[in-house]
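# Structural features, examined
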Amino acid sequence: MAKRYGGKFSPQDDSSSPNQPPRGQFDVARVEPAGARANLLFLPAVPLVFLSLNDGAVGLTIGLIAAGLLTAAAFLLREGLRAESAYNARRTARRPAFPRKIFSSLLTGLGVGLAAYRTEYLDAAAASEASLIAPILFGLMASVLHSVSFGIDPMTDKGMEGIDTFQQDRVARVVEGAETHLSEMTDAIKRAGDRRIEARVERFQDTARDLFRTVEEDPRDLAGARKYLTVYLKGARDATVKFADVYARTRDAQALEDYSSLLDDLEQNFAARTRKLLLDDRSDLTVEIDVLRERLQREGVRLD
């Protein structure tokens, strides 16, 4: 009788273990913000380069500059979409320091304008007869359409009222280092060549990011979580690198089991720390409410 493949470490495994921590409050399906629509903007520069090869020195130079601007615009757009996605995923966030999407629209307009000017220049009987009106109009339309299609960067901070910006900067630096450790874990585990353990690492990373978001929302939690964001994640990264190197060579089942157990322990500890921070925040709120009630009662204000 046919039996569906699955197991403890299978990405499709629906069974839940009693020792497995619950999924975090911030878990959402992660989708690459820079999808096919943004990546398609890398293509126009390619035919532009090839079409410019036989256009002489001036035509080739203009074509290469236009292709370079369009490629730079595509890179900026991709990074801008990722930054906007990270901004939207957080309850508290600062606006991007560099407006990548806006500059991407400007570079797109310049690139399209130069490409149009190249055509005007080649079609004109002499360089002096080339008109700038059409290239300028094409460039303006390209910039406007680009902005309409992809929007502009977030221009205001979100949820930053009453938050110490100095503490927020400290948290941002620590979280940035923690994200670097997670990225290095992702790169390392790919060398193991096992999709099941890659999915297991991704689940641990989701739990770790729950802790990141909790600390970002209340920078006062940094002191209690710093060890998790630095020491523990660095150790997890080092263990992942060593496991990937060993498992890629030997396919040692014991090494896989030991590494999976390590991820289980780390995930449970990170989830427990997140729950404790949330509970402490709730306790602080209760204390503040009680103090306010007592103060109002002393001043003769009755609360029914």
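For the structure itself, consult the block above.
Residues numbered from 1 in each chain as written. Predicted model: local features only at pLDDT ≥ 70, side-chain atom pairs only at ≥ 80, totals over all residues. Heavy atoms only, no water.

## A few points about the packing of helix α2 (residues 45–52) against helix α3 (residues 56–89)
Following both chains from N to C, one finds α2 and α3 inclined at 170°, their axes separated by 8 Å at the closest point. As judged from the angle between their axes, α2 and α3 are roughly antiparallel. Across the interface between the two elements, A45, L48, V49 and S52 of α2 pack against G59, L60, G63, L64, A66, A67, L70 and T71 of α3. Broken down by class, the residue content of the contact of α2 with α3 amounts to 8 nonpolar, 4 polar and no charged. (Axes fitted to C-alpha atoms, helices over the stretch in contact; angles between N-to-C directions. Helix = DSSP H or I, 4+ residues; strand = E, 2+ residues; numbered from the N terminus. Parallel < 35°, antiparallel > 145°, perpendicular 65-115°, else oblique. Contact = heavy atoms within 4.5 Å. Nonpolar A, V, L, I, M, F, W, Y, C, P; charged D, E, K, R; others polar.)

## Considering the packing of helix α7 (residues 195–217) against helix α8 (residues 222–250)
Two elements in contact, α7 and α8, have axes separated by 11 Å at closest approach and are oriented at 165°. Taken together, α7 and α8 sit at an angle that is classed as roughly antiparallel. Judged by the sense of rotation from one axis to the other, the crossing of α7 with α8 is left-handed. Here I197, F204, L211, F212 and V215 of α7 come into contact with α8, specifically with L222, A225, Y228, L229, L233, A236 and F243. Looking at the contact of α7 with α8 residue by residue, the classes come out as 12 nonpolar, no polar and no charged. (Left-handed = near helix turned anticlockwise from the far one by under 90°.)

## Section: a nonpolar patch on the surface
A surface patch of nonpolar side chains, about 840 Å² in accessible area, is lined by L132, I133, I136, L137, F138, L140, M141 and L145. Within the secondary structure layout, L132 lies in the loop between α4 (100–123) and α5 (133–150). (Patch = residues over 30% accessible without salt bridge, like charges linked within 9 Å, V, L, I, M, F, W, Y side chains within 5 Å. Areas by Shrake-Rupley, 256 points an atom, 1.4 Å probe, with all protein chains shown as cover. Salt bridge = Lys/Arg side-chain N within 4 Å of Asp/Glu carboxyl O.)

## Re the pattern of salt bridges
Applying the stated criterion to the full structure yields 13 salt bridges. Note that R200 is salt-bridged to E267, the shortest N-O span being 2.7 Å. Of the two residues, R200 is situated in helix α7 and E267 in helix α9 (residues 253–298); the sequence distance between them amounts to 67 residues. For the pair R200 and E267, one class covers both residues: buried. It is possible to trace a salt-bridge network through shared partners that takes in R200, R203, D264 and E267. (Buried < 20%, exposed > 50% of the residue type's maximum accessible area, 1.4 Å probe, protein only.)

Purely geometric stuff here, so don't read any function into it on its own.
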